[in-house]
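# Reading the structure
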Amino acid sequence: MLANYPTLRHILGRAGWYFITFLVAVTINFFLPRLGDANPIDTIIARASAGSADAVAQKKIAESYLKEFRLIQLDDQGEIIRDATGNPIKTGLAEQFASYLVMSLKGDLGTSILQYPKKVSEIIKDALPWTLTLQLPTIIFGWIVGNLLGALAAYKRGVFDRVLYPAALLASAVPAFCVGILLVYVFGIRLEWFPAVGGYDDSMVPNLSWEFISSASYYYVLPFLSIFLIVLGGQAIGMRSMCIYELGTDYVKYAKLLGIRETKILLYMFRNAMLPQLTGLALALGAMVGGALITEMIFSYPGLGMAVLTAIQGNDYSVITGCTLLVTVTVLIANFSVDILVGLLDPRIRAAQGGGGK
Amino acid sequence: MFRGLLKNPAFILGASLFLLTLLIALFAPLFLNVDTQTRVGLAYTPPSSEHWLGTDHMGIDMVSMLVAGLRSSLHVGFLAGTVATIVGTLIGVYGGYKGGLVDDVLTVATNLFLVIPSLIVLILLSSSMDQGRSLSLIALIIGCTTWTWSARAVRAQSASLRARDHVSLARINGYGSFGIVTLHILPYLLSYIFMVFILQTATGILSEASISMLGLGPYDSVSLGKILNEAIRNEALTDGAWWAFVPAMVLVTVIAFALYVINTAMEGVFNPRLRK
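None of the values given here were measured: they were computed from a predicted structure. (Residues numbered from 1 in each chain as written. Chains lettered and ligands numbered in written order. Predicted model: local features only at pLDDT ≥ 70, side-chain atom pairs only at ≥ 80, totals over all residues.)

### Description of the overall build of chain B
When you go through chain B residue by residue, the secondary structure sums to eleven helices and zero strands. Reading chain B from its N terminus to its C terminus gives the helix and strand order α-α-α-α-α-α-α-α-α-α-α. Taking the principal axes of the C-alpha coordinates as reference, chain B spans close to 75 × 45 × 30 Å. Counting every position in chain B, which comprises 276 residues, the buried fraction comes to 52%. Of the contacts made within chain B by residues no fewer than 6 positions apart, 72% connect residues no fewer than 24 positions apart. (Helix = DSSP H or I, 4+ residues; strand = E, 2+ residues; numbered from the N terminus. Buried ≥ 20, exposed ≤ 12 C-beta atoms within 10 Å, placed from the backbone. Contact = placed C-beta atoms within 7 Å.)

Shown next as structure tokens:
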């Protein structure tokens, strides 16, 4: 039935694949933290009940925590189900997983351990806008500029290439965190051109006023540059070798012999070389976001990266897994969008049979 | 082919840079007194003739820390690179050779783990381990999360070899999948797998540094990432103690850069289209 709508079929196929990926990601997110020997719930129960010597009171505290994190079974009214001796019944791992799956689909990521009783979703709601406004434009902009420069370097060669290529190679080899640390140190602390850490002036409360936005954009410069440079370097190198390949193809030679204008040939080449670059972007997105998260931590930028860092330092497992799940989902959505874009731009993909994970 | 490599200036640059770091890691402890335990001065003492790169926040000699860190980082890089290359090559070669359903399943699995950020998986795994986060374990975890790139790259090569005559001949002669893959496909991919290994080693070193930056580093050794993490946590940046973080950053960057340059140079030599 869908045979007449190749684009729609492509989109549906990819959507199915990404849904499976999402399920795997949720599964990983649930089981990996439970593989190790750390037991955060026991730790907070011990911490919370340390103050009272009374055994009954201690038991009550323990039960209230176990209830909060759904480690014991509850009935429909939210009361604890007890066995014959009055002890609560522990939830099995499979049941925990089932309830985790349902809850995360509903958007409920549990309760923070460190900032109890704050909800993980609240912490993420505060952090997510910062991460999105920092990473989304930076990666897109870096991709565009990097590709343009890469194509130019391949086409012009000569001095332009000899300067740009090693620079791009260096920029892509310098680890994300090193660029961040250097920018903080040189422009933030030594020269004091830009604020070194934070996302906005400490004396302000986040709102949509003009003063706050101008303060936030002032703080935006360094983290932006840090991520931008790395994305740009990597993309420029990829595009350069892509375009060198295209330059050797018959259609470019033919177009040159016909005397077609340089800019027009460049445009032809760009379109052909861009598609693998877009696919490359989809695949590299995970790594890019990971690097950008670390950049956030270096700049103490109030986004997800910082939330993860605070959570790791405080062993706040529910926040860690909440953030990791959200980052994964965001990367999946971004990937899906790039995939759809590639499908729309590339007639061959639309024509190809079947979906699948290839 | 190897003579071609030795004539390539980029390859020589990358290889000599990398060899230099390797030699420092191997032989520096013979000439220097590497001591990462004893306090030799005050916190963040500037470089002097006695301590070439000053001291860290604990007053420990930075040169000692760097040598120890370099050794750990290379250890992690090689171990993680080996694991990732072996896992990726096995999955890629087998899938590419077999084709059909096996290939489809392996490709879907590879793409799946390619899309899920490996840093996220690293964070989840390392944060679940309370105590036993040793250097080698971290390397193993990194290897198990970064193999996807090699699997993808090797699969494409292996699939292109599948239809070659010598493979068909081997099949007619009664070789099993294992024999064909090890005797008739892998030898053709060796140079390619070596390039993959170099990239995976770089990835391993960078991943260890990233994960240590988050405070999830090894408990039993000094690594370059851990030096950076400690420097940032203990305000080396605001104190202007550049010697506490710049040398470690330079080392990580030089190793990664050298490995990338080696890889690009090899690609240029093996792929005549890029040669000019």
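### Looking at the overall build of chain A
Across its full length, chain A holds 13 helices and zero strands. Each helix and strand of chain A, placed in order from N terminus to C terminus, yields the pattern α-α-α-α-α-α-α-α-α-α-α-α-α. Long-range contacts, defined as pairs at least 24 residues apart, comprise 68% of the intrachain contacts of chain A with a sequence gap of at least 6.

### Some thoughts on the interface of chain B and chain A
Every contact between the two is made by 43 residues of chain B and, on the other side, 50 residues of chain A. Where the side of chain B that touches chain A is concerned, the elements lending two or more residues are helix H4 (100-115), helix H5 (118-128), helix H9 (177-213), helix H10 (224-233) and helix H11 (246-270) of chain B. Split into classes, the residues belonging to the side of chain B that touches chain A amount to 30 nonpolar, ten polar and three charged. (Nonpolar A, V, L, I, M, F, W, Y, C, P; charged D, E, K, R; others polar.)

### A look at unusual backbone geometry
One non-glycine residue, Ser300 of chain A, lies in the positive phi region at around 45°. Looking at where Ser300 of chain A falls in the secondary structure, it is placed in the loop between helix H10 (262-298) and helix H11 (304-313).

### Remarks on the packing of helix H6 (residues 158-173) of chain A against helix H8 (residues 210-247) of chain A
All names here are of chain A. Contact geometry of H6 with H8 gives a least axis separation of 7 Å together with a crossing angle of 130°. Compared by their axis directions, H6 and H8 come out oblique. You can see that H6 and H8 cross each other, and the crossing is left-handed. The segment H6 lies against H8, with Leu164, Tyr165, Ala168, Leu169, Ala171 and Ser172 engaging Leu229, Ile230, Leu232, Gly233, Gly234, Ala236, Ile237 and Arg240. Among the residues making up the contact of H6 with H8, the classes are represented as ten nonpolar, three polar and one charged. (Axes fitted to C-alpha atoms, helices over the stretch in contact; angles between N-to-C directions. Parallel < 35°, antiparallel > 145°, perpendicular 65-115°, else oblique. Left-handed = near helix turned anticlockwise from the far one by under 90°.)

### A word on helix H7 (residues 176-190) of chain A
With 15 residues, H7 of chain A extends 20 Å from end C-alpha to end C-alpha; this agrees with the ideal 21 Å at 1.5 Å per step. Ala176, Phe177, Cys178, Val179, Gly180, Ile181, Leu183, Val184, Tyr185 and Gly188 of chain A are the residues of H7 of chain A that are buried. Tucked into the core, H7 of chain A has its buried residues touching H8 and H10 of chain A together with H9, H10 and H11 of chain B. Two residues or fewer after H7 of chain A comes Glu192 of chain A, characterised by a positive phi angle close to 55°. (Expected span 1.5 Å × (residues − 1).)

### Some points on the nonpolar core
Ranked by internal contacts, the top residues of the largest apolar core, which has 176 residues, are Val308 and Cys323 of chain A together with Leu228 and Val252 of chain B. Looking at which element gives the most residues to this core, the answer is helix H3 (residues 62-98) of chain B, with 17 residues. In contact with Val252 of chain B, other than residues within four places in its own chain, are Pro175 and Cys178 of chain A together with Ile205, Ala209 and Leu224 of chain B. (Core = buried A, V, L, I, M, F, W, Y, C linked by C-beta atoms within 7 Å.)

### Thoughts on the confidence of the model for chain A
Residue and element names in this part refer to chain A. Here chain A shows a mean pLDDT of 79. Residues at 70 or above account for 87%. Looking over chain A, one finds the lowest element-wise mean pLDDT in helix H13 (residues 347-351), namely 64, and the highest in helix H9 (residues 250-258), namely 87. Low pLDDT, under 50, characterises residues 353-358; the predicted model gives this stretch twelve contacts beyond four residues in sequence or across chains. (pLDDT = per-residue confidence, 0-100.)

### As for the confidence of the model for chain B
All names here are of chain B. When pLDDT is averaged along chain B, the result is 84; 96% of the residues meet or exceed 70. Mean pLDDT across the elements of chain B bottoms out in helix H1 (residues 2-6) (74) and peaks in H3 (90). This complex was scored by the predictor with a pTM of 0.83 and an ipTM of 0.80.

### Looking at the environment of Ile298 of chain A
Mapped onto the fold, Ile298 of chain A is located in helix H10. Judged by C-beta crowding, with 28 C-beta atoms within 10 Å, Ile298 of chain A ranks as buried.

### Let's talk about the environment of Gly280 of chain A
Residues and elements named next belong to chain A. Residue placement: Gly280 occurs in helix H10. Using a count of 17 C-beta atoms within 10 Å as the deciding quantity, one classes Gly280 as partly exposed. Distance in space between the C-alpha atoms of Gly280 and Thr328 is 18 Å, their sequence separation being 48 residues.

### Here's the deal with the packing of H3 of chain B against helix H7 (residues 148-161) of chain B
Residues and elements named next belong to chain B. Following both chains from N to C, one finds H3 and H7 inclined at 35°, their axes separated by 7 Å at the closest point. Where H3 crosses over H7, the handedness of that crossing is right-handed. Residues Ala84, Thr85, Gly88, Thr89, Ile91, Gly92, Val93, Gly95, Gly96 and Tyr97 of H3 lie in contact with H7, whose contacting residues are Thr148, Trp149, Ser150, Ala151, Arg152, Ala153, Val154, Arg155, Ala156, Ser158 and Ala159. Taken together, the residues that form the contact of H3 with H7 break down as ten nonpolar, nine polar and two charged.

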